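Spelled out, the chains give:
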Amino acid sequence: MQILDSYVCGAWKAGAGEGAELTNPTSGETIARTSTKGVDMGAVVRHARDVGGPALRALTFEQRAAMLKAVSAAIHAHRDELLDLAAANGGNTRGDGKFDVDGATGTLAAYASFGKSLGDRPFLVDGEGLQLGRTARFWGQHIRVPRRGVAVHINAYNFPAWGMLEKAAAAWLAGVPVIEKPAAATALVAWRIAHIIVESGLVPEGGFQFLCGSAGDLLDHLRGQDCVAFTGSATTGALIRGTPNLVEHNVRVNVEADSLNSAILAPDVDSGSETYGLFLSNVALDMTQKAGQKCTAARRIFVPRERVAEVGQDLVAELARVPLGDPAENGVRLGPVAHARQHADVIAGIQKLSAVADILTGGTEAPRAGCFVSPTLLVAKDTNEAVLHELEVFGPVATILPYGGDADEAAELAARGEGSLVCSVYSNDADWTERIVLGLAPYHGRVWLGSDKSAEQSLPPGMVLPGMVHGGPGRAGGGEELGGLRGLEFYTQRVAIQGFKGLVEARFGQPPG
Ligand code: NAP
């Protein structure tokens, strides 16, 4: 059985021992193993700091932006091969695979374009200068410089390509080397991309290392200039954040965790409107794309009480139009969940939800052999049941929750998720929308608005865009990524320079014009 190797300290190295198993969730067949046993994690960290960091910092922002563009193109050239691997190891349909792989190359390309205009100084100017003294002679200016450490990226199983490269894009543009660790269960796509990156020779040695398997004692080697960006479950996120060495050395940690996202239908939306059609198709897309294994997928669907029967019927009809089957086959739009453990989790989750909600379609019965789950829509018996606001069932599952139609009530119910990545709101009433946005905002990273005016051009709420921030407070991890150049903040040190205006402004101020 092939052991997927790691790229560390300038060489490919296969770990020792049995390692973890990668399977095909459609057939159940074992396709490879991962192991990092025997990798010297301290040496990996030193290689990044001593070799990768200086090499990346020797490039200007513009040169690093050009590097991102070239890496994007190198990966895109292998797109079909990567989509096949995503079907084999992740259960991804072709559309699901594209969402991940094109999302990865698209984000690299977007960061290449954000970086193009950053010029050739080794720092970024942060805001305007400020008079500090009695006269303008004593002046202050903030700048941001690349930190002198390494960025450790620990990624979730559901986006092996995008998860790795959306993080690497921001770190590389900032001038910081990365150590990427994919989730073991679906590492095949990330592993192939790692080979493509190394073979391309585009990233300076030490700027990219890849750990295919367990992180071992990696986090114990980090210090105050290093950082960890983690994506995965809230439980693992809490464990990583609490790692004593990270706490002791104030290592920056960004956590992107799970989330009980919601979709809210306002009472003004009538069933013949474009907004209603958009609501139905977005909810069905969230439930079925990547078999519902999207951190941004809506799990709670808030619907005015008197519309629940109608919406339930329409969503069931929408879901019935999504063909389920072998993701490698043409036309299939719903594949299996990614592995057997995940399958067992989803079935157990449906069982828990069905104690407080009626199943309208789907359920725990397997539609076919393999890790398949039927799209499962439930309707809550009582919207106040805590489990509906606490349990993320990470599969093709969502629950309709009836509410009274008031904007403040809907915002308060959505906030019971204790912090989510995204909430989508469907309304054509500007006053109602303004009220709910302000109620939702403190509890969300993103609020997405659907209306007749934007329906035709809107991108779905489950799609994370490189120019907008991604993350959410509380339960969602409390982290923030992307958001254009905001994404570089995590990898740079903001420093206040104070001194004679003539010097501070000329050397560290905004460039003229
Ligand atoms: P997970 O089990 O928490 O694993 C995430 C990553 O952490 C994996 O790479 C895993 O490695 C690693 N890991 C586990 N224990 C570790 C430890 N003690 N030290 C260092 N690394 C450790 O999550 P998952 O099942 O892959 O992902 C599903 C969850 O991710 C869902 O809840 C979803 O909502 C969330 N998610 C959130 C976002 C977001 O942006 N907010 C995006 C995608 C997914 P191994 O695989 O080798 O164990």
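Residues numbered from 1 in each chain as written. Predicted model: local features only at pLDDT ≥ 70, side-chain atom pairs only at ≥ 80, totals over all residues. Heavy atoms only, no water.

Draft legend 1. Summary view of the nonpolar core. Core analysis: the biggest nonpolar cluster contains 60 residues, and Ile264, Phe279, Ile301, Ile400 and Ile436 have the highest contact counts within it. The leading source of residues in this core is helix α9 (residues 274-288), at 7 residues. With sequence-adjacent residues up to four places away left out, Ile400 is seen in contact with Ile301, Val303, Val308, Val311, Gly312, Leu315, Leu360, Leu377, Leu378, Val379 and Ala380. Met67, Ala174, Val178 and Tyr491 belong to the second-largest nonpolar core, a separate cluster that totals 59 residues. (Core = buried A, V, L, I, M, F, W, Y, C linked by side-chain atoms within 4.5 Å. Buried < 20%, exposed > 50% of the residue type's maximum accessible area, 1.4 Å probe, protein only. Helix = DSSP H or I, 4+ residues; strand = E, 2+ residues; numbered from the N terminus. Contact = heavy atoms within 4.5 Å.)

Draft legend 2. Geometry of the packing of aromatic side chains. For the structure shown, the criterion picks out 12 aromatic pairs. The interplanar angle of 50 degrees and the centroid separation of 5.6 Å between the aromatic rings of Phe123 and Phe508 together place this pair among those described as tilted. Of this pair, Phe123 sits in the loop between α4 (94-115) and β6 (124-131) while Phe508 sits in helix α15 (residues 501-508), and the two are 385 residues apart along the sequence. A residue is classified by how much of its surface remains accessible, and Phe123, at 10% relative accessible area, is buried. Phe508 gets classed as partly exposed once you look at its relative accessible area, which sits at 23%. Measuring from centroid to centroid gives 5.5 Å for Phe159 and Trp162, while their planes differ by 70 degrees, and the two rings are edge-to-face. Here the two residues Phe159 and Trp162 agree in accessibility, since each one is buried. Among the aromatic side chains, those forming a connected cluster through ring pairs are Tyr276, Phe279, Tyr426 and Trp448. In this arrangement the basic side chain of Arg64 is found over the ring face of Phe61, its NZ or CZ atom lying 4.5 Å from the centre. Positioned above the aromatic ring of Trp139 is the side chain of Lys501, whose terminal nitrogen or guanidinium carbon lies 4.3 Å from the ring centre. (Phe/Tyr/Trp six-rings, centres within 6.5 Å; stacked < 30°, edge-to-face > 60°. Lys NZ or Arg CZ within 6 Å of the ring centre and 35° of its normal.)

Draft legend 3. Quick look at the site of the ligand. By nearness alone, 25 residues border the ligand, and Asn155, Ser233, Thr236, Glu392 and His470 come closest of all. In this structure, an oxygen atom belonging to the ligand sits 2.9 Å away from a main-chain N or O atom of Ala184. Within the backbone of Ala257, a nitrogen or oxygen atom sits 2.9 Å from a nitrogen atom of the ligand. Protein contact buries 79% of the 920 Å² of open area that the ligand shows by itself. Those elements giving two or more residues to the shell around the ligand turn out to be β11 (227-231) and α7 (234-241). Looking at the shell around the ligand, its residues break down into 14 nonpolar, 7 polar and 4 charged. Mapping the shell around the ligand onto the domain boundaries places at least three of its residues in each of domain 1 (41-257 + 479-508) and domain 2 (261-464). (Near = heavy atom within 4 Å. Polar contact = N/O pair within 3.5 Å; in protein donor to acceptor, adjacent residues only side chain to side chain. Areas by Shrake-Rupley, 256 points an atom, 1.4 Å probe, with all protein chains shown as cover. Nonpolar A, V, L, I, M, F, W, Y, C, P; charged D, E, K, R; others polar. Domains from an automatic or database assignment.)

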